[in-house]
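Structural characterization, general
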Amino acid sequence: MIGAAAISTTASSPFNFDSSCGSMSSFTSYFPLSLHFPNSNIKRIPSSIRCQSVDADKREGSNRKLLDNASNLLTNFLSGGSIGSMPIAEGAVSDLIGRPLFFSLYDWFIQHGSVYKLAFGPKAFVVVSDPIVARHILRENAFSYDKGVLADILEPIMGKGLIPADLDTWKQRRRVIAPGFHTSYLEAMVKTFTTCSERTVSKFNKLLEGEGYAGQKSIQLDLEAEFSSLALDVIGLSVFNYDFGSVTKESPVIKAVYGTLFEAEHRSTFYIPYWKLPLARWLVPRQRKFQHDLKIINNCLDELIRNAKESREETDVEKLQQRDYSNLKDASLLRFLVDMRGADVDDRQLRDDLMTMLIAGHETTAAVLTWAVFLLAQNPDKMKKAQAEVDSVLGSDKPTFESLKKLQYIRLIVVESLRLYPQPPLLIRRSLKPDVLPGGHKGDKDGYAIPAGTDVFLSVYNLHRSPYFWDHPHEFEPERFLVQSKNEEIEGWAGFDPSRSPGALYPNEIVSDFAFLPFGGGPRKCVGDQFALMESTVALAMLLQKFDVELKGTSESVELVTGATIHTKNGLWCNLRKRSDLH
């Protein structure tokens, strides 16, 4: 939910923001490339191994060498000495052409180590691929770093919501919003998750039985788009008490929401902020459309806020958390925020909070369900194992909060999907004052000094696939999270130990000592992580309860694109059929 961080776009909708409620993976602001690549379940061919035609490659190689040399000269002249004596990844700007940045960051991580300087022309960055260093930045020195360029990009959309807010505003709003995701609320939300997932399942059943499909064994659907609609409906009901109904219909508000999400994606991948130019909002067609979309959403949110305030029942936070949310007519987060005594804010701040949760809470679920199905379709034995667990725990019943606790394998599939396809693959921070980063595994024992203003890329993708901290890091193995793993050779890392967080439904940064960061870590970790994970678990369980799924084509035919999160280029097209083993 407010979670997995950064902006991304799916076929039908987009987005997800840095779950640590503070940093979008906005590296594309610096490297504005239209990137896509055919997926191969991340068994990648190193950039140095390519099939080439000799003549074309000579010309291309010559052009790329000139580009790399020019970049290096500019780097050495303008920024070579601005960041300490750490390893430098340079001379490979051409590696960014035609492939996602996070793939190149992984190659350089293997080559240069867990902390290195990435230098391109006048700009230099520090890339971190180590849990020891990530822990230092996210938990031990959390308030010595801010979000850098993120606020500039998102402020026109989210105002002072949790993600782009300055530190003082963030502290104030975090204290108010975090208690809203209490246990009673989450338990009640399981019913919302099942209601919205049931709509999706019912839609699939009607398609299978309807005109044009009657008698056919399967239908072809873009499940990424379907999951996107499902996630939007969940956010509307749980956060605003507003039913978008996007699974079955389209409305001006839904169109406006998607338009706003796509504009946020556009701004994250376009490094010249032309929208800030005088008159741009009126003269540029897409900016006029954006202002129109924003007005529609704001009018909707303003009405919801006004209605909530008119029926306000002010009380203390403890009493709010003791409400019977399962029988409450309006169990939304907006109701909680409006009724909380001492948390009065103007309508603009509430609007910013809601807009942030609308955008940030939408993509994580759609993304994790997309990649979970993609991975399961390539591993039929694991899909059957998951379906067997669903049959054993649920039978033909709907999930409940109690039965969700027993769906262990489904929960592990969700988190393993987030390990392999983190949303976002990159977090960004900027140092507010000079600091000394730990050297990390195999790094300098004295660490690396960085000046104030240093942009730091925390590569979640590298962390999640590091061969130093994970066995078979590129393989889909949900069971891995059940096994304790203590690598005593790595000084400063406590290993992976499920007993470190007893009773937790999902593994987290504490269990993994910051080697697993799907929702950030430290004080600015996403407030909605449990919400998003439970929502994904319910939706996946209800899909597998009724249907078998297989990819329409090969896994290699599913092309990935990355703005700041990982999504498909043309949707996740699948063949869906009713389960043949159901009686």
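Quick notes on the rules
- Residues numbered from 1 in each chain as written.
- Predicted model: local features only at pLDDT ≥ 70, side-chain atom pairs only at ≥ 80, totals over all residues.
- Heavy atoms only, no water.
- UniProt positions renumbered as here; feature names shortened; annotations may be inferred.
- Pairing = 2+ DSSP bridges.
- Helix = DSSP H or I, 4+ residues; strand = E, 2+ residues; numbered from the N terminus.
- Axes fitted to C-alpha atoms, helices over the stretch in contact; angles between N-to-C directions.
- Contact = heavy atoms within 4.5 Å.
- Patch = residues over 30% accessible without salt bridge, like charges linked within 9 Å, V, L, I, M, F, W, Y side chains within 5 Å.
- Areas by Shrake-Rupley, 256 points an atom, 1.4 Å probe, with all protein chains shown as cover.
- Salt bridge = Lys/Arg side-chain N within 4 Å of Asp/Glu carboxyl O.
- Buried < 20%, exposed > 50% of the residue type's maximum accessible area, 1.4 Å probe, protein only.
- 1 Å grid on protein atoms, 1.4 Å probe; cavity = no way out; pocket = protein on both sides within 12 Å on 5 of 7 lines; lining within 4 Å.
- Points joined across faces, edges and corners; volume = space filled by probe spheres on them.
- Nonpolar A, V, L, I, M, F, W, Y, C, P; charged D, E, K, R; others polar.
- Lys, Arg positive; Asp, Glu negative; His and termini not counted.
- Polar contact = N/O pair within 3.5 Å; in protein donor to acceptor, adjacent residues only side chain to side chain.

The protein chain carries the name Cytochrome P450 in an unreviewed UniProt entry, which gives Crotalaria pallida as its organism. The UniProt entry for the protein chain carries this comment under Cofactor (unreviewed entry): "heme".

Right, let's talk about the sheet that holds strand β6 (residues 219–222) for a bit. As summarised here, the arrangement of the 3 strands in space is β6-β14-β11, forming an open sheet in which the pairing is antiparallel. Every interior strand has two partners, whereas the edge strands, β6 and β11 (547–551), have only one. The mean inter-strand angle of the sheet, taken between neighbouring strand axes irrespective of direction, is 35°. Examined bridge by bridge, β6 and strand β14 (residues 573–578) share 4 bridges and lie antiparallel to one another. Within the sheet, the bridge partner assigned to Asp-222 lies in β14 and is Trp-573. Along the sheet, helix α19 (residues 529–546) contacts β11 and β14; its crossing angle with β11, the most-contacted strand, is approximately 100°.

Turning our eyes to something else, we now look at a nonpolar patch on the surface. A cluster of nonpolar side chains, namely Leu-279, Trp-282 and Leu-283, defines an oily patch on the protein surface of about 380 Å² accessible area. Structurally, Leu-283 is set in helix α9 (residues 280–283). Residue classification places Leu-283 among the exposed residues on the basis of a relative accessible area of 60%.

Before going further, it helps to examine empty space enclosed by the protein. Enumeration over the complete set of coordinates arrives at 4 cavities of 30 Å³ or more. One number sums up the size of the largest cavity: a volume of about 70 Å³. A per-element tally of the lining of the largest cavity places α19 first, with 3 residues. Per-class residue counts for the lining of the largest cavity are 7 nonpolar, 3 polar and 3 charged. Each pocket or cavity is described by its volume, and for the second largest cavity that value is around 60 Å³. Considering the residues around the second largest cavity, the lining is formed by Ser-197, Thr-200, Val-201, Phe-204, Phe-227, Leu-230, Ala-539 and Leu-543. Listed by contribution, the elements that provide at least two residues to the lining of the second largest cavity are α6 (183–209), α7 (223–240) and α19. Of the residues assigned to the lining of the second largest cavity, the class counts are 6 nonpolar, 2 polar and no charged.

By secondary structure assignment, the location of Arg-465 is in the loop between α17 (460–464) and α18 (509–512). Among buried Asp, Glu, Lys and Arg side chains, Arg-465 stands out as unpaired, with Glu-475 the closest opposite charge at 8.3 Å. Of note is the side chain of Arg-465, whose polar atom sits 2.8 Å from the backbone oxygen of Leu-420.

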